[in-house]
Amino acid sequence: MVKIFNRLLDFLYPPICPVCGDLVESHGGLCASCWSRFNWISNPKCFKCGYPFPAHLDLGLQPMCPHCASGECDLDFIRSACVYDDVSKNIMLPFKHASQLKYKNLMSRAMINALRDLDLSVDIVMPVPLAWKRLFKRGYNQACVLARPIAKHFNAALDVNSVSRKYRPDMGHKTSKQRRENVRGVFKVINKDKIAGKKILLVDDVMTSGATFYELNRILRNAGASAVYAVSFCRVVHAI
Ligand SMILES: [Zn+2]
Ligand SMILES: [Zn+2]
């Protein structure tokens, strides 16, 4: 019965590539030509933060970037599906600011795929909180839209209430040190009981310097989280 219903649905609303509109096999999937335009992150990459290394380098099984090797990244793991460039930006910015939610399946699927090699067990999936002022302006938290299917995949609870965020003006194009200072103290754990002893996966659409993930990791660890992971759809990749 469900099968017949799905076929009818496919007939009425054929699955199309959310980027170019061509017919594809399943809803939310990209056509081959659009898929090939993204700079998907694969190996070799930093084992801890997912920083992509040049493809020709043979760095062994668990390579680490200088940043993680120096102990600057305190999260257990970070993964991102693709590099932030003109192609991913054309998906990410309309999704974030113009309610283009048609991209949510493609983005969340790519993020789940980026976490596949880690075989994680996750108790809580937490979208990076938005300040109330921004939430009212935008009408939705884009990270929450992505976190919902990810929580379902991990059979984990979606938590949007345990941490709050103070409003601070946009970070713009600042250095990573300035970003870190700007985000320090903006988050607050409201419900410690929900966090203590839990393995938490943070979700955001883009990772710029990692400052937001680092700060959330700091307060979640203080509240007793036993592991903190993070995943984003794309990440800014600076040469290191
Ligand atoms: Zn396409
Ligand atoms: Zn790293």
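Residues numbered from 1 in each chain as written. Chains lettered and ligands numbered in written order. Predicted model: local features only at pLDDT ≥ 70, side-chain atom pairs only at ≥ 80, totals over all residues.

So, about the overall build of the protein chain. For the protein chain, the count of helices and strands is 10 helices and 7 strands. Compactness check: the protein chain gives a C-alpha radius of gyration of 18 Å against a globular reference of 18 Å for 240 residues, within 12% of the reference. Based on the C-alpha atoms only, the size of the protein chain along its principal axes is roughly 50 × 45 × 35 Å. Going through the 240 residues of the protein chain one by one, you find that 32% of them count as buried. Taking as baseline every contact in the protein chain between residues at least 6 positions apart, the subset at least 24 positions apart corresponds to 73%. (Helix = DSSP H or I, 4+ residues; strand = E, 2+ residues; numbered from the N terminus. Rg over C-alpha atoms; globule rule 2.2 N^0.38 Å. Buried ≥ 20, exposed ≤ 12 C-beta atoms within 10 Å, placed from the backbone. Contact = placed C-beta atoms within 7 Å.)

Time to look at the domain arrangement of the protein chain. As far as domains go, the protein chain holds domain 1 (1–37) and domain 2 (39–235). Domain 1 and domain 2 are separated by 28 Å when their C-alpha centres are compared. Facing 5 residues of domain 1, the contacting portion of domain 2 comprises 6 residues. (Domains from an automatic or database assignment.)

The next thing to look at is the packing of helix H5 (residues 104–114) against helix H7 (residues 142–154). If you want to describe how two helices pack, look at the angle between their axes and the distance between the axes. The N-to-C vectors of H5 and H7 enclose an angle of 50°; their axes lie 9 Å apart at closest approach. Classed by the angle they form, the pair H5 and H7 counts as oblique. As H5 runs across H7, the sense of the crossing is right-handed. Counted together, Lys104, Met107, Ser108, Met111 and Ile112 of H5 and Val145, Leu146, Pro149, Ile150 and His153 of H7 form the full contact between these two elements. (Axes fitted to C-alpha atoms, helices over the stretch in contact; angles between N-to-C directions. Parallel < 35°, antiparallel > 145°, perpendicular 65-115°, else oblique. Left-handed = near helix turned anticlockwise from the far one by under 90°.)

This paragraph deals with the nonpolar core. Core analysis: the biggest nonpolar cluster contains 56 residues, and Met111, Val125, Leu146, Leu201, Leu202 and Val203 have the highest contact counts within it. Among the secondary structure elements, those contributing two or more residues to this core are strand E1 (77–83), helix H4 (86–97), H5, strand E2 (124–127), H7, strand E6 (199–207), helix H10 (211–222) and strand E7 (227–235). Residues in contact with Val125, not counting those within four places in the same chain, are Ala147, Ile150, Ala151, Phe154, Ala156, Leu158, Leu201 and Val203. (Core = buried A, V, L, I, M, F, W, Y, C linked by C-beta atoms within 7 Å.)

Its 12 residues place the ends of H10 17 Å apart at the C-alpha level, agreeing with the 16 Å of an ideal helix rising 1.5 Å per residue. Contact partners of the buried residues in H10: E1, helix H8 (176–183), strand E5 (187–189), helix H9 (192–195), E6 and E7. Phi turns positive, to about 100°, at Gly224, one or two residues after H10. (Expected span 1.5 Å × (residues − 1).)

Spatially, E1-E7-E6-E2-E3 is the arrangement adopted by the 5 strands of the open sheet, whose pairing is parallel. With partners counted over all chains shown, the strands left at the sheet margins are E1 and strand E3 (157–158), one partner each. Pairing of E6 with E7, which is carried by 8 bridges, proceeds in the parallel orientation. By the bridge assignment for E7, Leu202 is matched with Ala230. Along the sheet, H5 contacts E1 and E7; its crossing angle with E1, the most-contacted strand, is approximately 130°. Those strands touched by H10 are E1, E6 and E7, and its axis lies near 160° from that of E6. (Pairing = 2+ DSSP bridges.)

Moving on to the packing of H8 against H10. Across the interface, H8 lies against H10 with an axial gap of 9 Å and an inter-helix angle of 40°. Classified by the angle between their axes, H8 and H10 sit oblique to one another. Viewed along their axes, H8 and H10 form a crossing whose handedness is right-handed. Within the contact between the two elements, H8 uses Ser176, Arg179, Arg180 and Val183 and H10 uses Ala211, Thr212, Tyr214 and Glu215. When grouped by side-chain class, the residues that make up the contact of H8 with H10 number 3 nonpolar, 2 polar and 3 charged. (Nonpolar A, V, L, I, M, F, W, Y, C, P; charged D, E, K, R; others polar.)

With that out of the way, let us pick up unusual backbone geometry. Leave glycine aside and you will find that most residues have negative phi; peptide bonds, for their part, are mostly trans. Omega for the bond connecting Asn43 with Pro44 falls within 30 degrees of zero, at 0°, which places this linkage in the cis form. If you trace the backbone, Pro44 turns up in the loop between helix H2 (32–35) and helix H3 (66–69). Here the phi dihedral of Asp119 falls at roughly 50°; this positive angle occurs in a residue that is not glycine. Its location among the elements puts Asp119 in the loop between H5 and E2. Phi is positive for Asn155, close to 55°, though the residue is something other than glycine.

In terms of burial, E6 is largely enclosed, as 7 of its 9 residues are buried. Looking at chain direction, E2 and E6 are connected through 4 bridges and run parallel. Bridge pairing in E6 links Pro127 to Val203. Since E6 and E7 lie parallel, the crossover through H10 that links them has a hand, and here it is right-handed. (Right-handed = clockwise from strand over helix to strand, strands pointing away.)

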